[in-house]
Amino acid sequence: MRPLLGLLVSCVVVAPACGGDVGLDITLPRGVADKVVWFEIGAFKDGTCEAVGPMLSNGVPEGFTARVAFKKSDANAPRFGDIPNGKYAFGAVARDEECAVLAMGCQEEDVGSAGRVVIGMREAEEPSGQCPPGASCQAARCIPANDNNDPSIGAGCSLELIGAGPLAKPLGGAGTIVSAPAIAATK
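Residues numbered from 1 in each chain as written. Predicted model: local features only at pLDDT ≥ 70, side-chain atom pairs only at ≥ 80, totals over all residues. Heavy atoms only, no water.

A. Expanded view of the overall build of the chain. Summing up its helical and strand segments, the chain has two helices and 11 strands in all. Reading the secondary structure of the chain in the N-to-C direction produces β-β-α-β-α-β-β-β-β-β-β-β-β. Looking at the chain as a whole, 37% of its 187 residues are labelled buried. (Helix = DSSP H or I, 4+ residues; strand = E, 2+ residues; numbered from the N terminus. Buried < 20%, exposed > 50% of the residue type's maximum accessible area, 1.4 Å probe, protein only.)

Now the structure itself:
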């Protein structure tokens, strides 16, 4: 017996070479529909569900051609963006408010000839991919805390990388050699 679907969500893939939009529908199992906060979908050009599917338990893996994330409560159907014609594996996950993956699904489709892609999701055996303490779930991804007073990242003595960029020019003038920043233990 096929499980009853709890929710149908639609968004749009833009495939300009085929002259229009391709509809993308996601169906969720009834058992998780009330817990879902985020949807995350990745399009993998020349990918297969055999390769992408096993990696979805922790969310859409890197290597996608295009990705979209949106809240279940968003009133407007999100636009996936322009992707070139071709065969794609569309991997989708449904996440709760802590980014844990509750359901996942994958569908292979040629966006040059498809009018609609339907991804049927199955409930995860056990939710995984939840954000660690201190991090927050934003756009269906875990974002580390950036408050140095937060105990989850060191409470005043954090070594977590918050930002990076090029180093300033050394003050010693031409020919001065300066090492990269370093950390050394002191007493």
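What follows continues from the structure just given.
B. Quick peek at the packing of aromatic side chains. Going through the model one piece at a time under the given rule, you end up with three aromatic pairs. Ring centres of Tyr 88 and Phe 90 lie 5.9 Å apart, and the angle between their planes is 35°; on these two criteria the pair is classed as tilted. (Phe/Tyr/Trp six-rings, centres within 6.5 Å; stacked < 30°, edge-to-face > 60°.)

C. Region of interest: the state of the cysteines. The tally for this structure, following the rule as stated, stands at three disulfides. Here Cys 49 pairs with Cys 106 through a disulfide, and the sulfurs are 2.2 Å apart. Disulfide Cys 49-Cys 106: the torsion about the S-S bond is -85°, which places it as left-handed. Taken together, the residues Cys 49 in helix 2 (residues 49-52) and Cys 106 in strand 7 (residues 101-110) connect sequence positions 57 residues apart. Owing to a relative accessible area of 18%, Cys 49 belongs among the buried residues under this scheme. (Disulfide = S-S within 2.5 Å.)

D. Looking closely at the pattern of salt bridges. Counted under the stated rule, the structure contains four salt bridges. In this structure, Arg 67 engages Glu 40 in a salt bridge whose closest nitrogen and oxygen atoms are separated by 2.9 Å. Note that Arg 67 is positioned in strand 4 (residues 66-71) and Glu 40 in strand 3 (residues 38-45), a separation of 27 residues in sequence. Accessibility expressed as a relative area gives 0% for Glu 40, which makes it buried. The salt bridge involving Glu 62 is made with Arg 141; its shortest N-O contact spans 2.8 Å. With a gap of 79 residues between them, Glu 62 in the loop between helix 2 and strand 4 and Arg 141 in strand 11 (residues 141-143) connect regions that are remote in the sequence. Within the structure, one salt-bridge network assembled from shared partners comprises Glu 40, Glu 62, Arg 67, Arg 95 and Arg 141. (Salt bridge = Lys/Arg side-chain N within 4 Å of Asp/Glu carboxyl O.)

E. Inspection of the sheet that holds strand 3 at higher detail. Ordered in space as 4-3-6-7-9, the five strands form an open sheet in which the pairing is antiparallel. On the outer flanks of this sheet lie strand 4 and strand 9 (122-128), each paired with one strand and no other. When strand polarity is set aside, the average angle formed by the axes of neighbouring strands in this sheet is 20°. For strand 3 and strand 6 (residues 87-95), the ladder comprises eight bridges, and the chain directions are antiparallel. Paired with Phe 39 across the two strands is Ala 94, which belongs to strand 6. (Pairing = 2+ DSSP bridges. Axes fitted to C-alpha atoms, helices over the stretch in contact; angles between N-to-C directions.)

F. Focus on the side chain of Asp 96. Tracing the backbone shows Asp 96 in the loop between strand 6 and strand 7. At 2.9 Å, the side chain of Asp 96 forms a polar contact with the backbone nitrogen of Glu 98. Engagement of the side chain of Asp 96 in a polar contact is seen with the backbone nitrogen of Ala 100, the distance being 2.9 Å. Beyond its immediate stretch of four places on either side in the chain, Asp 96 contacts Lys 35, Val 37, Trp 38, Leu 102 and Cys 137. (Polar contact = N/O pair within 3.5 Å; in protein donor to acceptor, adjacent residues only side chain to side chain. Contact = heavy atoms within 4.5 Å.)

G. Seen up close, the pairing of strand 6. Within strand 6, eight of the nine residues are buried, which leaves it mostly tucked inside the rest of the structure. By the bridge criterion, nine bridges tie strand 6 to strand 7 in an arrangement that is antiparallel. Considered in strand 7, the bridge of Ala 89 is made with Glu 108. The turn joining strand 6 and strand 7, which pair antiparallel and follow one another in sequence, is formed by five residues; a positive phi near 75° is taken by Cys 99.

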